[in-house]
Amino acid sequence: MQRRYTRPINLGNVQVGGGAPVSVQSMTNTDTRDVRATLDQIHRLVRAGCEIVRVAVPDLQAARALKEIKAGCPIPLVADIHFDYRLALAALDSGVDGLRINPGNIGGRERVAAVVDAARKRRVPIRIGVNAGSLEKDLLAEHGGPTPRAMVESALRHIRLLEEMGYREIKVSLKASDVPVMIEAYRLLAREVDYPFHVGVTEAGTVRSGTIKSAVGIGALLAQGIGDTIRVSLTGDPVEEVRVGYEILKALGLRRRGIELISCPTCGRTCIDLERIALEVEERLSWVDKPLKVAVMGCAVNGPGEASHADVGIAGGKGFGILFRGGRIIGRVREQDLVDALVREVENILSEK
């Protein structure tokens, strides 16, 4: 698919826009003032594939803690700032790689200019984060609510403010919990600016419902070539956000990381506990970071053929199953040993690579 071209910016060593791969990011849910807990969670996110991490900065103590967090953070660190421009200045002093601000709620023009000047000196990009739930009152009144056009006008208002200050190291997000509103807002703004987009459905929900909303919203935009970095917003462990983000990208052929699990929906021919086996395979291979297609099929008759495009897989029979690789059967295994046999073969493939 053809992607919308955007001007590139750099968050630390990660390029966003300019044709760079769509990056996957997340946000910690620890108390940022607790450096150890925050770094522990960041390292878990990194192991899951997170490429950019954002932390909340509610007060000056949190802003100062960022210096130590930055020293132990192996990926670009973004500070999320609301209301107090001094927190943005303190975060920049602590060495963050990016800022997320809403220029409309951190003070007047002079205060925004102070943040921009400090960011310019350090070559730190600013994300203009527009949220349907916190639009300016005049725009809500003019448009009759948080419409896509109201969100776009809010973004353009902030973009022009930074441009007037000679600052263009910008990326933009237009987040809403309403998926159609969010999609249309990004589509409208894509016609007017060439800045890279941070795409996500805000307050998407729990892992189950939020995954669906995020896949629909983020996936619809990416399928149209819109989006340079993504964050899946879920209630729960942020590691799940990263996993879901990669699944969305894999489904669209935009990134390949870790296993792509191919499993059949089962039918009357299935004689093994396929659901349990598939879940166990997914969990036991969650450590794999190389791209690999792994099949878990319910029928030993048709399974290998239906999943012949997989790198490796298993297919069940009655009390036993078969292990296949590249569509070719390489072993017959007892049902209770199927997962172990599959994991061993994955390890063999990775060692060969």
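Residues numbered from 1 in each chain as written. Predicted model: local features only at pLDDT ≥ 70, side-chain atom pairs only at ≥ 80, totals over all residues. Heavy atoms only, no water.

(A) Local environment of the environment of Ile 314. Mapped onto the elements, Ile 314 comes out in strand β13 (residues 312–316). In this structure the C-alpha to C-alpha distance between Ile 314 and Ile 329, which are 15 residues apart in sequence, comes to 9.2 Å. Apart from the residues lying within four places of it in its own chain, the contact partners of Ile 314 are Ile 277, Ala 295, Val 296, Met 297, Ile 322, Leu 323, Phe 324, Leu 338 and Leu 342. (Helix = DSSP H or I, 4+ residues; strand = E, 2+ residues; numbered from the N terminus. Contact = heavy atoms within 4.5 Å.)

(B) Just the sheet that holds strand β6 (residues 98–101), in detail. Taken in spatial order, the 8 strands line up as β8-β7-β6-β5-β4-β3-β10-β9 in an open sheet, and their pairing is parallel. Because the sheet does not close on itself, it has two edges, and the strands there are β8 (170–175) and β9 (198–199). Relative to strand β7 (residues 126–131), β6 is paired through 3 bridges, and the arrangement is parallel. Residue pairing for β7: Leu 99 is matched across the bridge by Ile 126. On the sheet, helix α2 (residues 60–71) packs against β4 (52–56) and β5 (77–80) and is oriented at approximately 170° with respect to β5. The strands that helix α6 (residues 148–164) touches are β7 and β8; relative to β7, the one it contacts most, it runs at about 155°. (Pairing = 2+ DSSP bridges. Axes fitted to C-alpha atoms, helices over the stretch in contact; angles between N-to-C directions.)

(C) Just the state of the cysteines, in detail. Taken as a whole and assessed by the stated rule, the structure comprises 0 disulfides. Left unpaired, Cys 73 is separated from the closest cysteine sulfur, that of Cys 50, by 8.4 Å. Its relative accessible area of 9% is what places Cys 73 among the buried residues. (Disulfide = S-S within 2.5 Å. Buried < 20%, exposed > 50% of the residue type's maximum accessible area, 1.4 Å probe, protein only.)

(D) Inspection of the sheet that holds strand β14 (residues 320–325) at higher detail. Ordered by their spatial adjacency, 5 strands build an open sheet running β11-β12-β13-β14-β15, and the pairing between neighbours is mixed. Looking at which strands have only one partner, the edges of the open sheet turn out to be β11 (259–263) and β15 (328–334). Geometrically, the sheet is characterised by an average inter-axis angle of 20° between neighbouring strands, direction not taken into account. With respect to the sheet, helix α12 (residues 338–352) is in contact with β12 (292–297), β13, β14 and β15, its orientation differing from that of β14 by roughly 10°.

(E) Representation of the packing of aromatic side chains in the model. On inspection of all chains with the given rule, the structure shows 1 aromatic pair. The lysine or arginine in question, Arg 4, covers the ring of Phe 197, its NZ or CZ lying 3.9 Å from the ring centre. Directly above the aromatic system of Tyr 246 lies the positively charged group of Arg 257, at a separation of 5.5 Å from the ring centroid. (Phe/Tyr/Trp six-rings, centres within 6.5 Å; stacked < 30°, edge-to-face > 60°. Lys NZ or Arg CZ within 6 Å of the ring centre and 35° of its normal.)

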